[in-house]
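These are the residues of each chain, in order.
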Amino acid sequence: MKRTRLGAPAQVRESLYSCTILLTVAVTAAVIWIPLFSERTSARPPRPHFFDVAPRSGISYSTNNHFTGRKYFQQPMCGGVAILDFDHDGKMDIYLTNGARLPELRKENTSFYNCLLRNQGNGTFKDVTSEAGLTGSQLDFCYGVAAGDFDNDGATDLFVCNTRKNALYHNQGNGSFVDVTERSGLGQKPPDTLSIQGAWFDYDNDGLLDLVLSNYTLWTPETDQRCFNGPVEVYCHPKVYVRVPHRLYHNLGGGRFEDVTEKSGFGRSPGKGMGIGIADFNEDGWMDVFIANDTEPNFLYLNQGNGTFKETGLLYGVAYNDTGTTVSAMGCDAKDYDNDGWVDVFYNNLMGQIWALFRNQRGKSFQYVSPATKILIMSGSRSGWSSGFIDYNNDGWKDLFSANGDVDNLGPKSQQHDTMFENREGREFLDVTQEMGDDFLRLGFQRGSAFADLNNDGFMDIVVTSLNQKPRILINSADNGNHWLLIQLSGHKSNRDAIGTKIKVTTPSGRTLFNHVTTSVGFLSSSDRRVHFGLGQENSAASIELRWPSGIVQSLKDVPADRILQVEEPR
């Protein structure tokens, strides 16, 4: 596997060194494959599976929602995950958020601290939270985390959602972070607003990352409500809580942000926000926003290109499911699952409901395809939280992962394992969960999850949190022989993270694969910003087309596979 850097104009150059393989794994587990179609009886490689390397590192962090018997509203929503290379050494690191003592909302001891894990490059991770200044000891109950370089200095920063004031940490570039919330303006929000997730994107294409924020309700310990099913206390139904607007913050430069919620149009649509998907859904050159709402209609904010957004969820067919009802939409992702060049939408929800996949109809509307793709029959028994598209087997088709577990521990099926639905050439999905390995099948109340290639071997790995358990760092066995590309972009006129850049890969056989740069995936979480392409048995890309947010179009030709490709935007 090689790491290749491209400048502009783009001409493929071999790097002078090969990237070290960080993990070497002897695969000993046998995997049984059951073909989807009876006529397909020829032998094929076993499916990759996952194994948990977290125990090797002696990680002290556990997701602590401070459940002691009394049930508070936010306890089911704990354990955010962010993947970032905070020290710029080429290895992806992990940041995890945590809860607080209730009702005091204090991180009174280290069991509530957030956690930064530095990738050691040998299959282990080192806790460097204190040295980096990221314990969050001054924060309260934390939720989602968004990683992004808001000031274009080449160092990835962190935004953390909290019950009270949200927090922005600036990466100093020396292994440490400093809290810049006050001077940034991102700590400002209406009183008592509980924020769930933030997402970075450049909505006005000015080269600076802006921030969209999904909010859930108004809440304080004093107004927390208690609900009972007979003598048993339960978490209250979301309908008990009021809706609030989601918020949009415009990056002014110089480390300052302006709350443009009202003048942008975001303030007109109150909801109960959970996951956020970022993409240009109608291919007009402006990044749009999908927000999954809990028991409320979902929102699709179409960017009008003039600083305003129009909420079009109902018009475009993603506000409700096919029966016209709302569900407990949780984590979401916006990717092109069928490689037709148009970004689709997925969200999961709770047991007894149907996870939703919406196919983009050429930017004009969305078609609900959960029944046709078999998601309907596979998802009804699961309560999903974080989720997302991941090509786990490098065949060029984006599969679906979901981190599962019910809201409350009220029955034998409350604790659940994660699921993997394999994409069958963009037509339908196949449940291959049982072949993903014992560590993948750990039961619990799974919450946050993020995707990354943690050992730079070209196969995507998964980090998952679970309530009151240690996190899992699930490494892909990477043993089916398929090829890949991992594309790391750096913007100049566009934002440094290149968020919003659209990538089209054409293989020698004529296959076309599509993806775009975004880190907002799932629930409470932020994934590796490098863009992954599985190539199957093809060992090169005939061409790669990059459409930068600035409008610049860049083309690469005859790119060998199995490498991390570093590409800079032409100046």
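Note that the structure is a prediction, hence the values are computed from the model and not measured. (Residues numbered from 1 in each chain as written. Predicted model: local features only at pLDDT ≥ 70, side-chain atom pairs only at ≥ 80, totals over all residues. Heavy atoms only, no water.)

Undergrad: I keep staring at the overall build of the chain and nothing clicks. Help me out?
TA: A count of helical and extended segments in the chain gives 5 helices and 41 strands. Rg of the C-alpha trace for the chain: 22 Å, near the compact-globule value of 25 Å for 571 residues, within the 12% margin. Seen through its principal axes, the chain has C-alpha atoms that stretch 60 × 55 × 50 Å. In the form shown here, the chain has an accessible surface area of approximately 20100 Å², with 49% of it arising from carbon and sulfur atoms. With 54 positive and 67 negative side-chain charges, the chain shows a separation of 1 Å between the mean positions of the two kinds. (Helix = DSSP H or I, 4+ residues; strand = E, 2+ residues; numbered from the N terminus. Rg over C-alpha atoms; globule rule 2.2 N^0.38 Å. Areas by Shrake-Rupley, 256 points an atom, 1.4 Å probe, with all protein chains shown as cover. Lys, Arg positive; Asp, Glu negative; His and termini not counted. Charge placed at Lys NZ, Arg CZ, Asp CG, Glu CD.)

Undergrad: Got a minute to help me understand the sheet that holds strand E32 (residues 461-466) in this structure?
TA: Through backbone hydrogen bonds, the strands of a sheet pair up, either in parallel or in antiparallel fashion. In spatial order, the strands read E2-E33-E32-E31; together these 4 strands make up an open sheet with antiparallel pairing. The sheet is open, and its two edges are formed by strand E2 (50-52) and strand E31 (446-452), each paired on a single side. Adjacent strand axes in the sheet meet at a mean angle of 25° when their direction is disregarded. (Pairing = 2+ DSSP bridges. Axes fitted to C-alpha atoms, helices over the stretch in contact; angles between N-to-C directions.)

Undergrad: Mind showing me how you'd approach the pairing of strand E5 (residues 115-119) here?
TA: It is a general feature of regular strands that their side chains alternate between the two faces of the sheet. Among the 5 residues that make up E5, 4 are buried, leaving the element largely enclosed by the rest of the structure. Counted between consecutive antiparallel strands, the loop separating E5 from strand E6 (residues 125-127) contains 5 residues, among which Gly-121 sits at a positive phi close to 85°. (Buried < 20%, exposed > 50% of the residue type's maximum accessible area, 1.4 Å probe, protein only.)

Undergrad: Sorry if this is basic, but what is going on with the sheet that holds strand E37 (residues 525-526) here?
TA: With mixed pairing, 5 strands are arranged side by side in an open sheet as E6-E5-E4-E3-E37. Where the open sheet ends on each side, the last strands, each with one partner, are E6 and E37. Note: strand E3 (residues 81-84) against strand E4 (residues 93-96), 4 bridges, orientation antiparallel. What sits directly across from Leu-84, in E4, is Asp-93.

Undergrad: Honestly, the nonpolar core in this entry has me stumped. Any pointers?
TA: Across soluble globular proteins, nonpolar side chains have a tendency to be buried as a group. If you look at the biggest cluster of nonpolar residues, it comprises 74 residues, and the most contacted ones within it are Trp-200, Phe-201, Val-212, Val-289 and Ile-544. The dominant element in this core, judged by the number of residues it contributes, is strand E11 (residues 193-201), at 5 residues. Viewed by domain, this core spans two of them, domain 1 (61-476) and domain 2 (483-568), each represented by three or more residues. Ignoring sequence-local partners within four residues, the contact set of Val-289 consists of Phe-201, Val-212, Phe-266, Ile-276, Gly-277, Ile-278, Phe-281, Phe-299, Leu-300, Tyr-301 and Phe-309. (Core = buried A, V, L, I, M, F, W, Y, C linked by side-chain atoms within 4.5 Å. Domains from an automatic or database assignment. Contact = heavy atoms within 4.5 Å.)

Undergrad: Help me out: how do you make sense of the environment of Ile-390 in this one?
TA: With respect to the helices, strands and loops of the structure, Ile-390 is situated in strand E27 (residues 384-390). Beyond its immediate chain neighbours, meaning those up to four positions away, Ile-390 contacts Lys-398, Asp-399, Phe-401, Met-420, Phe-451, Met-460, Asp-461 and Ile-462.

Undergrad: Got a minute to help me understand unusual backbone geometry in this structure?
TA: It is generally the case that most residues other than glycine have a negative phi and that most peptide bonds are trans. Geometrically, the link from Leu-102 to Pro-103 is a cis peptide bond, its omega value of 10° lying close to zero. Position of Pro-103 relative to the elements: it lies in the loop between E4 and E5. Phi at His-66 takes a positive value of approximately 55°, unusual for a residue other than glycine. You can see His-66 is positioned in the loop between E2 and E3. The class for His-66 is buried, based on a relative accessible area of 13%.

Undergrad: Honestly, the confidence of the model for the chain in this entry has me stumped. Any pointers?
TA: Close inspection of predicted coordinates is inappropriate in any region flagged by low pLDDT. Scored by pLDDT, the chain has a mean of 92; 92% of the residues are at 70 or more. Note that pLDDT drops below 50 for residues 4-42; the model gives that stretch 83 contacts with residues more than four away or on any other chain. (pLDDT = per-residue confidence, 0-100.)

Undergrad: Looking at this structure, how should I read the packing of aromatic side chains?
TA: Aromatic rings in a pair are described by how distant their centres are and how their planes are angled relative to each other. Counted under the stated rule, the structure contains 28 aromatic pairs. Relative to Tyr-241, the ring of Phe-73 has its centre 4.4 Å away and its plane inclined at 50°; by these criteria the two rings are tilted. Taken together, the residues Phe-73 in the loop between E2 and E3 and Tyr-241 in the loop between strand E14 (232-234) and strand E15 (244-245) connect sequence positions 168 residues apart. Taking the relative accessible area as the measure of exposure, Phe-73 reaches 10% and is therefore buried. You can call Tyr-241 buried: its relative accessible area is 7%. Measuring from centroid to centroid gives 5.5 Å for Phe-358 and Tyr-368, while their planes differ by 55°, and the two rings are tilted. Remark: Tyr-368 occurs in strand E26 (residues 366-368) and Phe-358 occurs in strand E25 (residues 356-360); sequence separation between them is 10 residues. (Phe/Tyr/Trp six-rings, centres within 6.5 Å; stacked < 30°, edge-to-face > 60°.)

Undergrad: So what exactly am I meant to see when it comes to the pattern of salt bridges here?
TA: Working definition: two side chains of opposite charge can pair if their charged atoms are close together. Counted under the stated rule, the structure contains 27 salt bridges. Among the ionic pairs, Glu-428 bridges to Lys-374, the shortest N-O distance being 3.7 Å. In this pair, Glu-428 sits in strand E30 (residues 428-431) while Lys-374 sits in the loop between E26 and helix H5 (375-379), placing the two residues 54 residues apart along the sequence. On the basis of relative accessible area, Lys-374 is assigned to the partly exposed category, the value being 33%. A salt bridge links Asp-528 to Arg-530; the shortest N-O distance between them is 2.9 Å. Each member of the pair, Asp-528 as well as Arg-530, is classed as buried. When salt bridges with common partners are traced through the structure, they connect Arg-47, Glu-422, Arg-424 and Glu-435 into a single cluster. (Salt bridge = Lys/Arg side-chain N within 4 Å of Asp/Glu carboxyl O.)

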